[in-house]
Amino acid sequence: MVRRTYAIIVAAGNGHRFGSPLPKQFCMLGDMPVLGHTIGNLRSALPAGSKIVLVLHPDYFGTWRETAERHGCPREDVLAGGGASRAESVANALDVIHPEADSIVLIHDGVRPFVSGDIIEGLYAALEKGAACAIPTVGLTDSIRETVASGISHATDRSRFRAVQTPQAFQSDALVKAYRHASESGFERFTDDASVLEDYMPEADIRLTSGSPYNIKITNPLDLKIAEALL
């Protein structure tokens, strides 16, 4: 039997870098905004009874309620206010839900609308085998080079690296302790949630699972066009 699951969707960005009047999570993708697809696909992939927590900037609470109603979007179970950084936003969500001991917490980007059941199943399998954290990843296809401070670069073996996706899955006890520790040291230096856990528990068992090239993150307007093609 799958343990109690909490899924935190982080969508607290203000959209300034995207170049649209609204944050990218509210941009239309087919017949509903990106965020509607993200919530709907995640809900479909999760076990019944899972609780979805959506983190938005408080200024956009009303925008989301109106947009979701207008387009018939799937909805979250709990709405939480975002912070000044991604990590602070996740910490806020954890404070709101207080996940019970021995539960599972997934943390997902609000602008990854194509999460699939296969990805979720791989994460659960890793946690049930004892991992503290499971991360979906994909291999790199481009050649890569490493740069140094002097401006010189060196060819690097791309097979040694993986591109990280979300949702990232955690044993709740370890995640809560890691975020409590991060709140004391500062949230700004963390770019993903596994990094928060690794900073608190350097020897933590962090497993890499199979992601998908279709599990794209919408970062710029071109990504939105790719998402429209995938849809």
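Residues numbered from 1 in each chain as written. Predicted model: local features only at pLDDT ≥ 70, side-chain atom pairs only at ≥ 80, totals over all residues. Heavy atoms only, no water.

**Thoughts on the overall build of the chain**
Summing up its helical and strand segments, the chain has 7 helices and 12 strands in all. For the chain, the C-alpha radius of gyration of 18 Å lies close to 17 Å, the compact-globule estimate for 231 residues. Burial statistics for the chain: of 231 residues in total, 48% are counted as buried. At a minimum sequence separation of 6, the contacts of the chain that also span at least 24 residues come to 73%. Total accessible area on the chain stands at roughly 11,500 Å², and carbon and sulfur atoms take up 50% of it. Seen as two clouds, the 22 positive and the 28 negative side-chain charges of the chain have centres 2 Å apart. (Helix = DSSP H or I, 4+ residues; strand = E, 2+ residues; numbered from the N terminus. Rg over C-alpha atoms; globule rule 2.2 N^0.38 Å. Buried < 20%, exposed > 50% of the residue type's maximum accessible area, 1.4 Å probe, protein only. Contact = heavy atoms within 4.5 Å. Areas by Shrake-Rupley, 256 points an atom, 1.4 Å probe, with all protein chains shown as cover. Lys, Arg positive; Asp, Glu negative; His and termini not counted. Charge placed at Lys NZ, Arg CZ, Asp CG, Glu CD.)

**Some details on the packing of aromatic side chains**
A full pass over the atoms with the stated rule returns 3 aromatic pairs. Between Phe26 and Trp64, the ring centres sit 6.4 Å apart and the planes meet at 40°, which makes this aromatic pair tilted. You can see Phe26 sitting in the loop between β1 (5-10) and β2 (28-29) and its partner Trp64 sitting in helix α2 (residues 61-71), a full 38 residues away along the chain. What makes Phe26 buried here is its relative accessible area of 4%. The exposure class of Trp64 is buried, given its relative accessible area of 0%. Site record: aromatic cluster; members linked through ring pairs are Phe26, Tyr60 and Trp64. (Phe/Tyr/Trp six-rings, centres within 6.5 Å; stacked < 30°, edge-to-face > 60°.)

**Observations regarding the layout of surface pockets**
The space that makes up the second largest pocket amounts to roughly 250 Å³. The wall of the second largest pocket is formed by 15 residues, among which Val138, Gly139, Leu140, Thr141 and Ala163 lie closest to the centre. Among the elements of the structure, β7 (133-139) and β10 (162-164) are those that each provide at least two residues to the lining of the second largest pocket. Residues that form the lining of the second largest pocket fall into these classes: 7 nonpolar, 5 polar and 3 charged. (1 Å grid on protein atoms, 1.4 Å probe; cavity = no way out; pocket = protein on both sides within 12 Å on 5 of 7 lines; lining within 4 Å. Points joined across faces, edges and corners; volume = space filled by probe spheres on them. Nonpolar A, V, L, I, M, F, W, Y, C, P; charged D, E, K, R; others polar.)

**Details of unusual backbone geometry**
Both trends apply: most residues other than glycine have a negative phi, and most peptide bonds are in trans. Geometrically, the link from Thr166 to Pro167 is a cis peptide bond, its omega value of 10° lying close to zero. Residue position: Pro167 is located in the loop between β10 and β11 (168-171). One non-glycine residue with positive phi stands out, namely His98, at about 45°. Mapped onto the fold, His98 is located in the loop between α3 (86-97) and β6 (104-109). A relative accessible area of 61% means that His98 is categorised as exposed. Residue Asp102 is not a glycine yet carries a positive backbone phi of 65°.

**As for the environment of His154**
Assignment of secondary structure puts His154 in strand β9 (residues 153-156). Residue class for His154 comes out partly exposed when judged on its relative accessible area of 42%. Residues His154 and Ile144, 10 residues apart in the sequence, show an inter-C-alpha distance of 8.7 Å. Excluding residues that lie within four positions of it along the chain, His154 makes contacts with Ile144, Arg145, Glu146 and Val148.

**A closer look at a nonpolar patch on the surface**
Together, Tyr214, Leu222, Ile226 and Leu230 line one region of the surface with nonpolar side chains, adding up to about 400 Å² of accessible area. By the secondary structure assignment, Leu222 is in helix α7 (residues 221-230). Look at Leu222 and you get exposed, because its relative accessible area is 55%. (Patch = residues over 30% accessible without salt bridge, like charges linked within 9 Å, V, L, I, M, F, W, Y side chains within 5 Å. Salt bridge = Lys/Arg side-chain N within 4 Å of Asp/Glu carboxyl O.)

**Digging into the side chain of Asp192**
Assignment of secondary structure puts Asp192 in the loop between α5 (172-185) and α6 (193-200). There is no salt bridge for the buried Asp192, and the closest opposite charge comes from Arg86, which lies 7.1 Å off by N-O distance. A polar atom in the side chain of Asp192 sits 2.9 Å from the side chain of Gln168. Here the side chain of Asp192 touches Ser195 through a polar contact of 2.4 Å, side chain to side chain. (Polar contact = N/O pair within 3.5 Å; in protein donor to acceptor, adjacent residues only side chain to side chain.)

**Some remarks on the pairing of strand β5 (residues 78-81)**
Here β5 shows a clear split, with Val78 and Ala80 buried on one side and none of Leu79 and Gly81 buried on the other. Looking at chain direction, strand β4 (residues 51-56) and β5 are connected through 4 bridges and run parallel. By the bridge assignment, Leu56 is partnered in β5 with Gly81. (Pairing = 2+ DSSP bridges.)

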